[in-house]
Amino acid sequence: MKCKITGQKIVPFMSFGKMPIANGFLNKKDFNKEFFFDLKVGFSDKFSLFQLDEHPSIKKMFHKNYPFYTSSSKFMIEHFKNYALWSKKFLKSKSKIIELGSNDGTFLKNFKNTSIDAIGFEPSKNVSDLAKKKGIKSINKFFNTENISDLKNLKGNTDLICGANVVCHVPNLKNLFISVDKLLSKDGVFVFEEPYLGSVYEKNSYDQIYDEHIFLFSAIAISKIAAEFDLKLIDLVPQPTHGGSMRYVLCRKISKRVKTANIEKFTSYEKKINLDNSEFCKKFKKNCENSKKDLKKKLLELKDEGKKICGYAATSKSTTILNYCKIGPDLIDFITDTTSEKIGKYSPGSHIPVIDHKLFLKKKPDIAILFAWNHSKEIMNKEKKYKKSGGKWLTFFPTVKVR
Ligand code: JHZ
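1. Structural notes on the overall build of the protein
In step 1: Along the protein, the regular secondary structure elements total 11 helices and 17 strands.
In step 2: Scaling as 2.2 N^0.38, a compact globule of 403 residues should have a C-alpha radius of gyration of about 22 Å, and the protein matches this with 21 Å.
In step 3: Counting every position in the protein, which comprises 403 residues, the buried fraction comes to 56%.
In step 4: Counting only contacts in the protein whose residues sit at least 6 apart along the sequence, the fraction spanning at least 24 positions is 69%.
In step 5: Of note, the protein has its 73 positive side-chain charges centred 3 Å away from the centre of its 43 negative side-chain charges.

2. Brief notes about the site of the ligand
In step 1: The local shell around the ligand holds 24 residues, among which Glu-212, Lys-317, Lys-342, His-375 and Lys-382 are the closest.
In step 2: The separation between an oxygen atom of the ligand and a polar side-chain atom of His-169 is 3.0 Å.
In step 3: Here an oxygen atom of the ligand and a backbone polar atom of Thr-338 are 3.2 Å apart.
In step 4: Expressed as a share of its isolated accessible area of 730 Å², the protein-covered part of the ligand is 97%.
In step 5: Taken together, the elements giving at least two residues each to the shell around the ligand come down to helix H9 (316–324) and helix H10 (376–382).
In step 6: Classifying every residue of the shell around the ligand by side-chain character gives seven nonpolar, 12 polar and five charged.

3. Quick word on the environment of Lys-362
In step 1: In this fold, Lys-362 is placed in the loop between strand E14 (354–356) and strand E15 (367–370).
In step 2: With a relative accessible area of 65%, Lys-362 lands in the exposed category.
In step 3: Sequence spacing of Lys-362 and Gln-51 is 311 residues, and the spatial spacing of their C-alpha atoms is 42 Å.

4. Considering the sheet that holds strand E2 (residues 37–44)
Paired through backbone hydrogen bonds, the strands of a sheet run either parallel or antiparallel to each other.
In step 1: Within the open sheet, the four strands sit side by side as E1-E2-E3-E9. Their pairing is antiparallel. A single partner strand is all that each edge strand has here, and the edge strands are strand E1 (14–19) and strand E9 (215–216).
In step 2: Here helix H8 (residues 279–304) sits on the sheet in contact with E1, E2 and strand E3 (49–52), set at roughly 45 degrees to E1.

5. Focus: unusual backbone geometry
In step 1: Across the junction of Phe-397 and Pro-398, the peptide omega takes the value -5 degrees, indicating a cis bond.
In step 2: Positive phi, close to 45 degrees, is recorded for Asn-103, a residue that is not glycine.
In step 3: Within the secondary structure, Asn-103 is located in the loop between strand E4 (96–100) and strand E5 (117–121).

6. Section: the packing of aromatic side chains
In step 1: As enumerated under the stated definition, the model contains 33 aromatic pairs in all.
In step 2: On the basis of an interplanar angle of 75 degrees and a centroid distance of 5.2 Å, the ring pair of Tyr-312 and Trp-393 is categorised as edge-to-face. Taken as a pair, Tyr-312 in strand E12 (residues 309–312) and Trp-393 in strand E16 (residues 392–395) lie far apart in primary sequence, 81 residues in all.
In step 3: Ring-pair connections join several aromatic residues into one group, and the members of that group are Phe-16, Tyr-206, Tyr-324, Phe-371, Trp-373, Phe-396 and Phe-397.
In step 4: Over the ring of Tyr-324 we find Lys-292; its NZ or CZ atom is 4.4 Å from the centre of that ring.
In step 5: Geometry around Phe-334 places Lys-363 over its ring, the cationic atom sitting 5.9 Å from the centre.

7. Digging into the sheet that holds E15
In step 1: Reading across the sheet, the six strands line up as E14-E13-E12-E15-E16-E17 and stay open at both edges, with mixed pairing between neighbours. Two strands bound the open sheet, and with one partner strand each, they are E14 and strand E17 (401–402).
In step 2: Pairing between strand E13 (residues 334–337) and E14: three bridges, direction parallel. Residue Asp-337 lies in a different strand from E14, and its bridge partner there is Asp-356.
In step 3: Across the sheet, H8 touches E12, E15, E16 and E17, and the angle it forms with E16 is around 155 degrees.

8. Some details on the environment of Lys-384
In step 1: Counting through the fold element by element, Lys-384 comes out in helix H11 (residues 384–388).
In step 2: In this structure the C-alpha to C-alpha distance between Lys-384 and Asn-140, which are 244 residues apart in sequence, comes to 40 Å.

9. Here's the deal with the side chain of Ser-205
In step 1: Counting through the fold element by element, Ser-205 comes out in the loop between helix H5 (197–203) and E9.
In step 2: Looking at Ser-205, the relative accessible area reads 1%, which means it is buried.

10. Here we look at the pairing of strand E11 (residues 245–252)
In step 1: Taken across its eight residues, E11 has eight buried, putting it largely inside the fold.
In step 2: In this sheet, E11 lies alongside strand E8 (residues 184–195) in antiparallel orientation, the contact comprising seven bridges. Residue pairing in the sheet places Phe-192 in a bridge with Tyr-248 of E11.
In step 3: The turn joining strand E10 (residues 231–239) and E11, which pair antiparallel and follow one another in sequence, is formed by five residues; a positive phi near 50 degrees is taken by His-242.

11. Observations concerning the pattern of salt bridges
In step 1: Scanning all chains against the criterion turns up 20 salt bridges.
In step 2: Asp-30 is the partner of Lys-33 in a salt bridge, and the nearest nitrogen-oxygen pair spans 3.2 Å.
In step 3: Linked by salt bridges that have partners in common, Lys-29, Asp-30 and Lys-33 make up one network.

12. Side note on the pairing of E15
In step 1: Side chains Ile-367 and Ile-369 project from E15 onto one buried face, and the interleaved Ala-368 and Leu-370 project onto a second face that is buried too.
In step 2: In terms of strand pairing, E12 meets E15 through four bridges, oriented parallel. If you follow Ile-309 over to E15, its bridge partner there is Ile-367.
In step 3: In terms of strand pairing, E15 meets E16 through three bridges, oriented parallel. Residue pairing in the sheet places Ala-368 in a bridge with Trp-393 of E16.

About the cut-offs
- Residues numbered from 1 in each chain as written.
- Predicted model: local features only at pLDDT ≥ 70, side-chain atom pairs only at ≥ 80, totals over all residues.
- Heavy atoms only, no water.
- Helix = DSSP H or I, 4+ residues; strand = E, 2+ residues; numbered from the N terminus.
- Rg over C-alpha atoms; globule rule 2.2 N^0.38 Å.
- Buried < 20%, exposed > 50% of the residue type's maximum accessible area, 1.4 Å probe, protein only.
- Contact = heavy atoms within 4.5 Å.
- Lys, Arg positive; Asp, Glu negative; His and termini not counted.
- Charge placed at Lys NZ, Arg CZ, Asp CG, Glu CD.
- Near = heavy atom within 4 Å.
- Polar contact = N/O pair within 3.5 Å; in protein donor to acceptor, adjacent residues only side chain to side chain.
- Areas by Shrake-Rupley, 256 points an atom, 1.4 Å probe, with all protein chains shown as cover.
- Nonpolar A, V, L, I, M, F, W, Y, C, P; charged D, E, K, R; others polar.
- Pairing = 2+ DSSP bridges.
- Axes fitted to C-alpha atoms, helices over the stretch in contact; angles between N-to-C directions.
- Phe/Tyr/Trp six-rings, centres within 6.5 Å; stacked < 30°, edge-to-face > 60°.
- Lys NZ or Arg CZ within 6 Å of the ring centre and 35° of its normal.
- Salt bridge = Lys/Arg side-chain N within 4 Å of Asp/Glu carboxyl O.

What follows is the structure in structure tokens.
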């Protein structure tokens, strides 16, 4: 395995086994031609960078029918509204903004009917089209040096380049940072929020590791990467999204913007738990293996007791859990979901039927595994009837619990 930045050799420290595309929901007729790759992870000491070894091509992952809509959660709609409000401190009345991976326009719609000129880059046609329908400028392309070449009026002129859950999806980070450099204004900022390695390690939420998440970042890793591209990390803002994310704020090295105290705070914390070097990897591997054993054991016990078990939300994350723990239709009868592209299909690799969320109560499951555990608050609120009728939730991070 080679570091995706330096090209230097890395020895992978663990494999989660053969994995399909996390969002590759499929029909029965396609089971025998399903794509798999070896989900191995490694750590580059030079950049303190947690990364995948192999991954499918980006075109295989982000295609014309990508089954994830940012607006599928009320919490995320609210989150992006607040993100937009927060980012206004970097903007002037006529500023230009570019969002990377703008999906269905949930973030950019907050700049509609303002004097701000906002454009999104979104490689998946279905979600990009939905944004366009809402009146949002969405370029249906990957964000890279080639695809930004036409944006003459944005060169050196963009005050905010931003994204959420996107930079960790880009294998060619070098090209991404070069593209940012071409577009960013002198005092502009590059802001992105991504699942945080510190949270993944502390909660053992290894389900953040799947094909699309090619990197898991920390403050130390981003500081080092920024320096490589003449940028500096000036602020860190922890976020509750996706089970624990971090918002990184970068600007040009020559900018007069100053670093906040959060840089030192999170850097020291990460050093304390060894996220700056590969020392933590051994413990992380052991934690994943234990978590896998505990979850499998609990499911087998519940099945022996004759319980009807289902999954709640066919998340990308659940693909890692189901395939790594070898959980299939023998243990889980079905998974309910709200996304039309997933309903009626089967879960990647594990081949569990995905059914419409509207059938959740009607099917009367005894146990529902909360795969969208990051949306727990929102889901517990709307599923009070399930609990009242005797249904139980199974959660698995940081430990397996049925309640
Ligand atoms: P959710 C996505 O991951 C994909 P996922 C992506 N690759 C990424 O990086 C991360 O986000 C950060 C369903 N659902 O948000 C709808 C219900 O059924 O945890 C979706 O299928 N009922 C861009 O997929 C799925 O969950 C509900 O009440 O792990 C979304 O899951 C809710 C709230 C969701 O993201």
